Amino acid sequence: RMPEDGHTPPEGDMPEDGQMPQESRMPEDGQIPPENSTSNLEESETSDSAKGLKAGSAIYLNGGDFTIDSSDDSIHSNGNITVNNGTFVMESGDDGVHADNALVIAGGTIQVNKSYEGLEGLTVDIRGGDIDVTSTDDGINSAGGSDTLANGRPGQNSFASGDDCWIRISGGDIYVKAAGDGIDSNGNLYVSGGMVVVEGPEDSANGTLDYEGVAEITGGTFVGTGSSGMAMAFSDSSTQLSINVVADTMLPSGTMVTLTDSTGKEILSVSPTKSFDCIQISSSLLEAGETYTVTYGDGHSTEITLGSN
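Residues numbered from 1 in each chain as written. Predicted model: local features only at pLDDT ≥ 70, side-chain atom pairs only at ≥ 80, totals over all residues. Heavy atoms only, no water.

### Let's talk about the pattern of salt bridges
Where charged atoms of side chains with opposite charge meet at close range, the side chains can pair.
In step 1: Tallied over the entire structure, the rule returns two salt bridges.
In step 2: A salt bridge links Lys-51 to Asp-72; the nearest nitrogen and oxygen atoms lie 3.1 Å apart. Linking Lys-51 in the segment before β1 (53-55) with Asp-72 in the loop between β2 (58-70) and β3 (75-77), this pair joins segments that are 21 residues apart in sequence.
In step 3: Classification of Lys-51 as partly exposed rests on a relative accessible area of 24%. (Salt bridge = Lys/Arg side-chain N within 4 Å of Asp/Glu carboxyl O. Helix = DSSP H or I, 4+ residues; strand = E, 2+ residues; numbered from the N terminus. Buried < 20%, exposed > 50% of the residue type's maximum accessible area, 1.4 Å probe, protein only.)

Okay, structure coming up:
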């Protein structure tokens, strides 16, 4: 169609696709945009973190070898953490492994060489794995407890609720060396399997075991040493028998502790690396009505005949 003004458009003005070109417009600020620039360019934001591995919702660890040296938590989730396999060697200025909700360990190797608290969650469920924890406060802790700013720690962890917190150990080979409470549940504690060795506090303000509800042992092996000042035994509702011995004085580190039956057969022995005056032992090998001897230090021994729970 001929334009209304009667003038023929210059040759080449019409695009080959028949589409009219869009009107070009100068930016409002009068500046010509650089070549290849795009509008609404998204800027990426980064921030430094003192944590090793962290997530807002959940962390699932199914393998791999990790060495983590962090000033805050080595592994941290604002939700859940599940460890199925892998090797984790950690040194932390705060917690070794911290979950605001559920911490589940089903396998793998976890070695916390330095921490404020070793393993922590609203709930802690240990089903397997090789676990070695060293802590300046609690070794294994549910729902925070005395989790406060202290010892130059970078921060304080919080939990949604402490009403339904617990620790459950059903398997694994677990060693805890804690300056605070060895195992601290601000709810209930359940032990039904595994091998658990706890070297608890040397001071009287903490205990090898600490719990608010009940502490029931129904299986597995537990050996605990530490101060008798705040010592707590397993609850009477336990179906597995326990032996609790308090020495007359603090025994030095390296003191051998041996449990034998009435025939003199050795059931187990440990040599704690910290001083202690309280010895706690529970094993499926213990039987009601039988007599056992706990030998410790320079020829000291205590003979105990077990009754039923």
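### Things to note about the pairing of strand β14 (residues 195-199)
Moving residue by residue along a regular strand, the side chains alternate between the two faces of the sheet.
In step 1: Most of β14 is tucked away, with four of its five residues classed as buried.
In step 2: One ladder, built from five bridges, connects strand β11 (residues 173-178) with β14; its direction is parallel. Within the sheet, the bridge partner assigned to Ile-174 lies in β14 and is Val-196. (Pairing = 2+ DSSP bridges.)

### Thoughts on the confidence of the model for the protein
In step 1: Looking at the protein as a whole, the pLDDT averages 86, with 78% of positions reaching at least 70.
In step 2: Counting interchain partners and residues more than four positions distant, the pLDDT-below-50 stretch residues 6-15 has five contacts.
In step 3: Across residues 20-27, where pLDDT falls below 50, the model places five contacts with residues more than four positions away in sequence or in other chains. (pLDDT = per-residue confidence, 0-100. Contact = heavy atoms within 4.5 Å.)

### Section: the sheet that holds strand β19 (residues 257-260)
In step 1: Overall, antiparallel pairing links the four strands, which are arranged β20-β19-β22-β23 in an open sheet. The open sheet has two edge strands, β20 (266-270) and β23 (300-305), and neither has a second partner. The mean inter-strand angle of the sheet, taken between neighbouring strand axes irrespective of direction, is 15°. (Axes fitted to C-alpha atoms, helices over the stretch in contact; angles between N-to-C directions.)

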